[in-house]
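One-letter residues, chain by chain:
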Amino acid sequence: MDQENLTMVTEFYFSDFPQFENGSLFFFIPLLFIYIFIIVGNFVIFFAVQLDTRLHNPMYNFISIFSFLEIWYTTVTIPKMLSNLVSEQKTISFIGCLLQMYFFHSLGVTEALVLTAMAIDRYVAICNPLRYAIIMTPRLCTQLSIGSCIFGFLILLPEIVWMSTLPFCGPNQIHQLFCDFEPVLRLACTDTSMILVEDVIHAISILTSVSIITLSYLRIITVIMRIPSGESRQKAFSTCVAHITIFLLFFGSVTLMYLRFSVTFPPILDKAIALMFAVLAPLFNPIIYSLRNRDMKDAIKKVLCSPKMFNVSGSQ
């Protein structure tokens, strides 16, 4: 009888979403506009890089890949959040929850690796400019991009497979805005000490990326400060400002979310951190890259205003 009870839970319930009559529309509308902006903004950046030959270099290729990943990263969670805000049944199947966790974190790890590749690219460009074309070849950039995706989607598989074997016999209420490792693991009817192992694995992977990126940019800033010409120094620094800002937003929210170990936050703060991690950080990506870079702004204007785009759409 006990074994039968261990397999009873087939879906989870998101208990922290307000009911429609209790003002969920107040959250639904801004979240919908934010999601649309993220999708449209990142698609525009992606196509701007692909269509403008002046941007066919490693830096912008990494930016376009990061923007493409952001589209799917937010699509894994935000549509379900929107559905939970207007639906009476705020549930997700067990398999659906595992898939949401897998794709959300796999895309997140891939983004972290792409940000690391971007930092390495800027390090070589500024600290070793004479050898930049020799080192950052198209082949290496392709290998870094594909390798980031493969590693990002493989590293999470053992965790997801392990979680799929755990017994869940109730309760089934997830106290978070989306399926995440710790909230789901706490619902398992078994020893949850493995949560600490999960925290250690996440901490090692996060700190490794943060260390590489931080050391790269510290070295970059040191080299920039030694440039005698103020104009050249400003130009060199401006190419890194957007990357550093995205790095701080992304890893700042990741740190608050996953490097706290046994520290518990009040529920409202916990939800705010989750929103910053899954929604607000991706929101600023298209804003930062479109406003901080003149070449990107010119390319975006061409994409949005080019008559060829309308002729192509009209001929189809």
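Residue numbers restart at each chain and count upward from 1, following the sequence in its written direction. Local features in this predicted model are restricted to residues of pLDDT 70 or higher, and side-chain atom pairs are both shown and tallied only at a pLDDT of 80 or more, whereas totals for entire chains, interfaces and linings draw on every residue. Side-chain measures here rest on the full set of heavy atoms in the structure, leaving out hydrogens and waters.

1. Considering the sheet that holds strand β2 (residues 91-93)
Step number 1: Strand pairing requires that DSSP identify at least two bridges connecting the strands. Strands here are runs of E lasting at least two residues and helices are runs of H or I lasting at least four, both read from the DSSP assignment and numbered beginning at the N terminus. Read across the sheet, 3 strands follow the order β2-β1-β3 without closing on themselves; strand pairing throughout is mixed. Looking at the sheet topology across the chains shown, the edges are occupied by β2 and β3 (173-174).
Step number 2: Here strand β1 (residues 11-14) pairs with β3 via 2 bridges, running parallel. Residue pairing for β3: Y13 is matched across the bridge by Q173.

2. Looking at the state of the cysteines
Step number 1: Any two cysteine sulfur atoms within 2.5 Å of one another count as a disulfide. Per the stated rule, a full pass over the model turns up 2 disulfides.
Step number 2: One disulfide bridge connects C97 with C179, the sulfur atoms lying 2.1 Å from each other. Torsion about the S-S bond of the C97 and C179 cystine: about -125 degrees, corresponding to left-handed handedness. With C97 in helix α5 (residues 94-127) and C179 in the loop between β3 and α9 (181-185), the pair connects residues that are 82 residues apart, well separated along the chain.
Step number 3: A relative accessible area of 1% means that C97 is categorised as buried.
Step number 4: The disulfide that involves C169 links it to C189, with 1.8 Å between the sulfurs. Residues C169 and C189 are joined through a disulfide that is left-handed, its torsion about the S-S bond being -115 degrees. Of this pair, C169 sits in the loop between α8 (157-164) and β3 while C189 is found in the loop between α9 and α10 (194-225), placing the two residues 20 residues apart along the sequence. For every residue, the accessible area (1.4 Å probe, protein chains only) is compared with the maximum for its type, and the residue is labelled buried under 20%, exposed over 50%, or partly exposed between those bounds.

3. Focus on helix α7 (residues 138-154)
Step number 1: In this model α7 runs 24 Å from its N-terminal to its C-terminal C-alpha over 17 residues, within 8% of the 24 Å that 1.5 Å per residue would give.
Step number 2: By definition, residues are in contact when any of their heavy atoms lie within 4.5 Å. Here the buried face of α7 lies against α3 (58-75) and α5. Expected span of a helix, by definition, is 1.5 Å for each gap between consecutive residues, and there is one gap fewer than residues.

4. So, the pattern of salt bridges
Step number 1: Salt bridge, as applied in this entry: a Lys or Arg side-chain nitrogen positioned within 4 Å of an Asp or Glu carboxyl oxygen. Applying the stated criterion across every chain yields a total of 4 salt bridges.
Step number 2: Between R122 and D121 there is a salt bridge, with the nearest N and O atoms lying 2.9 Å from each other. In terms of burial, R122 and D121 fall into one category: buried.
Step number 3: For E182, the salt bridge goes to R186, with nearest N and O atoms at 2.7 Å.
Step number 4: Taking the relative accessible area as the measure of exposure, E182 reaches 25% and is therefore partly exposed.

5. A look at the UniProt feature "transmembrane region" (unreviewed entry) in the protein
Step number 1: Those places that UniProt annotates as "transmembrane region" (unreviewed entry) correspond, in this numbering, to residues 25-48, 60-82, 102-120, 132-157, 200-224, 236-260 and 272-291.
Step number 2: The annotated region residues 60-82 carries 91% helix and 0% strand content, and the separation between its end C-alpha atoms amounts to 32 Å. UniProt positions are given in the numbering used here, feature names are shortened, and annotations may be inferred rather than shown by experiment.

6. With respect to the nonpolar core
Step number 1: Judged by nonpolar contacts, the single largest core of 89 residues is most densely connected at F12, M101, F168, F178 and V184.
Step number 2: When residues in this core are grouped by element, the largest group, 16 residues, is from α5.
Step number 3: Not counting residues up to four positions away in its chain, the partners in contact with F12 are K90, T91, I92, F94, C97, F168, N172, I174, V184 and L187. Put simply, a nonpolar core is a bunch of buried Ala, Val, Leu, Ile, Met, Phe, Trp, Tyr and Cys residues held in one set by side-chain atoms that sit within 4.5 Å of each other.

7. Comments concerning the side chain of E70
Step number 1: Along the chain, the position of E70 falls in helix α3.
Step number 2: On the basis of relative accessibility, which here comes to 3%, the residue E70 falls in the buried class.
Step number 3: Other than its neighbours up to four places away in sequence, E70 contacts N42, E111, A281, P282 and N285.

8. Focus: the packing of helix α2 (residues 24-51) against helix α4 (residues 78-86)
Step number 1: Axis angles are defined between N-to-C directions and span 0 to 180 degrees, where every axis is a line fitted to C-alpha atoms and, for a helix, only to the segment in contact. For the pair α2 and α4, interaxial distance at closest approach is 9 Å and the crossing angle is 160 degrees. Looking at the two axes, α2 sits roughly antiparallel to α4. Here the hand of the crossing between α2 and α4 comes out left-handed. Together, S24, F27, F28, L31, L32, Y35 and I38 of α2 and I78, P79, M81, L82, L85 and V86 of α4 make up the contact between the two elements.
Step number 2: When residues are sorted by character, Ala, Val, Leu, Ile, Met, Phe, Trp, Tyr, Cys and Pro go into the nonpolar class, Asp, Glu, Lys and Arg into the charged class, and all the rest, Gly among them, into the polar class. Taken together, the residues of the contact of α2 with α4 break down into 12 nonpolar, 1 polar and no charged. The labels follow the angle: roughly parallel below 35 degrees, roughly antiparallel above 145, roughly perpendicular from 65 to 115, and oblique for the rest. Left-handed describes a crossing whose near helix is turned anticlockwise from the far helix by less than a right angle; the clockwise case is right-handed.

9. Re the environment of V279
Step number 1: Relative to the elements of secondary structure, V279 occurs in helix α12 (residues 267-291).
Step number 2: Taking the C-alpha atoms as reference points, V279 and T74, 205 residues apart in sequence, are found 6.9 Å from one another.
Step number 3: Beyond its immediate stretch of four places on either side in the chain, V279 contacts L31, I34, I38, I78, M81 and A274.

10. What about the packing of aromatic side chains?
Step number 1: Two rings belonging to Phe, Tyr or Trp (six-membered ring only in the last case) form a pair when the distance between their centres is within 6.5 Å. Interplanar angles under 30 degrees mark stacking, angles over 60 mark edge-to-face geometry, and anything in between is tilted. Counted according to the given criterion, the structure contains 19 aromatic pairs.
Step number 2: Each ring, one from F43 and one from F47, has its centre 5.9 Å from the other, and the planes form 15 degrees; the classification is stacked. Of the two residues, F43 and F47 both sit in helix α2, 4 residues apart, roughly one turn of that helix.
Step number 3: Accessibility expressed as a relative area gives 29% for F43, which makes it partly exposed.
Step number 4: With a centroid separation of 4.8 Å and 15 degrees between ring planes, the pair formed by Y73 and F104 is classed as stacked. Here Y73, found in helix α3, pairs with F104, found in helix α5; they are 31 residues apart in sequence, far enough to count as distant. Each member of the pair Y73 and F104 is classed as buried.
Step number 5: Among the aromatic residues, those joined into a ring-pair cluster are F43, F46, F47, F68 and W72.

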